[in-house]
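# Observations on chain architecture
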Amino acid sequence: IAWTTWDNLILIPWLPSNISYEGNLNWLNFLGDWGNSAEGCEYEIVTGECELGSGPSGPRSKVDFPDPQPKTSMSN
């Protein structure tokens with residue numbers, strides 16, 4: 001079944017890192033890793049890979065998305 005993403009978009013407003021999201025967007029404040037802890041990797045010795053992964057970090061801990069800097073001129 002196709003999911004019509006264009007009918008299910010949720011626009012998320014950007015907030016500075018010192019302000020928390022509230023309500024149904026409060027999950028965006030999560031700073032931990034999403035996923036299982038990479039502990040007890042029983043098969044890693046055989047396969048070279050752990051069957052568990054700590055997962056990606058939450059959106060607020062991403063260094064690739066720093067707080068935007070305000071523009072100082074209109075020339076850009």
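In case you missed it, the structure is sitting above this.
Residues numbered from 1 in each chain as written. Predicted model: local features only at pLDDT ≥ 70, side-chain atom pairs only at ≥ 80, totals over all residues. Heavy atoms only, no water.

Along the backbone of the chain there are one helix and zero strands. Within the chain, buried positions represent 7% of all 76 residues. (Helix = DSSP H or I, 4+ residues; strand = E, 2+ residues; numbered from the N terminus. Buried < 20%, exposed > 50% of the residue type's maximum accessible area, 1.4 Å probe, protein only.)

A surface patch of nonpolar side chains, amounting to about 520 Å² of accessible area, comprises Ile10, Ile12, Trp27, Phe30 and Trp34. Summarising the element assignment, tryptophan 27 is placed in the segment before helix H1 (44-47). (Patch = residues over 30% accessible without salt bridge, like charges linked within 9 Å, V, L, I, M, F, W, Y side chains within 5 Å. Areas by Shrake-Rupley, 256 points an atom, 1.4 Å probe, with all protein chains shown as cover. Salt bridge = Lys/Arg side-chain N within 4 Å of Asp/Glu carboxyl O.)

With that settled, the discussion passes to the environment of arginine 60. Tracing the backbone shows arginine 60 in the segment after H1. Sequence separation between arginine 60 and leucine 28 is 32 residues, and the spatial gap between their C-alpha atoms is 6.6 Å. When sequence neighbours within four positions are dropped, the list of residues in contact with arginine 60 reads Leu15, Pro16, Ser17, Asn18, Ile19, Tyr21, Leu28, Asn29, Phe30 and Leu31. (Contact = heavy atoms within 4.5 Å.)

Glancing now at the environment of leucine 15. Of note, leucine 15 is situated in the segment before H1. In this structure leucine 15 comes out as partly exposed when scored by relative accessible area, which is 24%. Apart from residues no more than four positions distant in its own chain, leucine 15 is found in contact with Ser20, Tyr21 and Arg60.

Using a relative accessible area of 42% as the deciding quantity, one classes tryptophan 27 as partly exposed. As for tryptophan 27 and glycine 58, which are separated by 31 residues in sequence, their C-alpha atoms are 8.8 Å apart.

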